[in-house]
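# Observations on the three-dimensional arrangement
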Amino acid sequence: MLNHKTFGEGPHLVILHGLFGMLDNWRGLARKWAERYTVTLVDLRNHGRSFHTPEMDYDLMAADVAGFLEEQDIDQCYLIGHSMGGKVAMQTALTYHDLVLKLIVVDMAPRRYRPGHGDVFAALAALDPAAITDRKEAAALMSAHMPDPGVQLFLLKNLARDPAGGYRWRMNLPAITANYAKLIGPVGHVGDRYDGPALFLRGGRSGYVRDEDMDAITYLFPAARLATVAGAGHWVHAERPEALLELINGFLGEA
């Protein structure tokens, strides 16, 4: 079973994090939505405290989500996904239409992306978790490859203390590395389509969703519409949470 945390009562709202992330990344917004929804934050495979496996692609991860919803007796839900989690959410909606009442995708299109995480992989490879003594040392080792303190902090949330001493990665870094080409690949197969309501949100300072991506988006999601969160980069939920909250609340509240 996928590791998860649940808050609140009401209609089900399920949230999927991005690459190198974990469910805690959305905790702040989850607590606000919990005032009117049953909010479930999920760790995707090879991330957070969920199971590790060598295989990783969007069909498998969509099946993980569908299986998780069945285990939790959730017949239908509102589904939010950011970045990699956005692609998982898209594939879940495309394959398991009846499970998804409304789809919200944050800063991700269904297309193939160019490799763009070389600095992240280098920063992660720069430290041996078992050999470090604290997070400050880990950040210093990362800094040559990833000078942004915010990204360092985001990545270092993956460090967990090892009972045998030192630290370990919670995520399955070897599997993520081995399957990276699949994770930047497209979603959807011939004949796939989700006709339900879909909201695609992008950061105004992010290049992940371009105007021309709407052709591919509406091909798979005919009812989709696009909204832009001004002043936000790729981590829209961290940089402009209140603006994101307002847009998603408005979409969820529509009949």
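Residues numbered from 1 in each chain as written. Predicted model: local features only at pLDDT ≥ 70, side-chain atom pairs only at ≥ 80, totals over all residues. Heavy atoms only, no water.

## What about the sheet that holds strand β4 (residues 77-82)?
Threshold: Following DSSP output, two strands are said to pair if at least two bridges run between them. Helix and strand assignments follow DSSP, with helices taken as H or I runs no shorter than four residues and strands as E runs no shorter than two, numbered in order from the N terminus. Between the N-to-C directions of two axes lies an angle of 0 to 180 degrees, each axis being a line fitted to C-alpha atoms and, for a helix, fitted only over the stretch in contact.
Ordered in space as β1-β3-β2-β4-β5-β8-β9, the 7 strands form an open sheet in which the pairing is mixed. Single-partner strands in this sheet number two, and they are β1 (4-7) and β9 (224-229). Ignoring strand direction, the axes of neighbouring strands in this sheet form an average angle of 20°. Across 4 bridges, β1 lies against strand β3 (residues 38-42) in antiparallel orientation. From the neighbouring strand, Thr6 faces β3, where its bridge partner is Thr40.

## A short note on empty space enclosed by the protein
The condition that has to hold: Using a 1 Å grid laid over the protein atoms alone, points where a 1.4 Å probe fits but cannot get out form a cavity; open sets with protein on both sides within 12 Å along at least 5 of 7 lines form a pocket; any residue with an atom within 4 Å of a point counts as lining. Grid points are joined across faces, edges and corners, and a volume is the space filled by probe spheres set on the points. Polarity classes work like this: nonpolar for Ala, Val, Leu, Ile, Met, Phe, Trp, Tyr, Cys and Pro, charged for Asp, Glu, Lys and Arg, and polar for all others, with Gly in that last group.
The full count for this structure, using the stated rule, is 2 cavities of 30 Å³ or more. Roughly 40 Å³ of internal volume is contained in the largest cavity. Together, His17, Gly18, Leu19, Asn25, Trp26, His82, Phe154, Trp235 and His237 line the largest cavity. Of the residues contributing to the lining of the largest cavity, the split by class is 4 nonpolar, 5 polar and no charged. Quantified by volume, the second largest cavity comes out at close to 40 Å³. Lining the second largest cavity we find Asn3, Lys5, Met22, Leu23, Asp24, Asp43, Gly48 and Arg49. Within the lining of the second largest cavity, the residues separate by chemical class into 2 nonpolar, 2 polar and 4 charged.

## Describing helix α3 (residues 84-95)
Note that an α-helix has 3.6 residues per turn; residues three or four places apart therefore point the same way. Heads up, the rule is: A helix is expected to span 1.5 Å multiplied by its residue count minus one. Three exposure classes are used, based on accessible area relative to the maximum for each residue type with a 1.4 Å probe and protein chains only: buried under 20%, partly exposed in between, and exposed over 50%.
With 12 residues, α3 extends 17 Å from end C-alpha to end C-alpha; this agrees with the ideal 16 Å at 1.5 Å per step. Judged by how many residues are buried, α3 sits mostly within the fold: 11 of 12 residues are covered. Met84, Gly85, Gly86, Lys87, Val88, Ala89, Met90, Gln91, Thr92, Ala93 and Leu94 are the residues of α3 that are buried.

The quantities given are spatial measurements derived from coordinates; they are silent on function.
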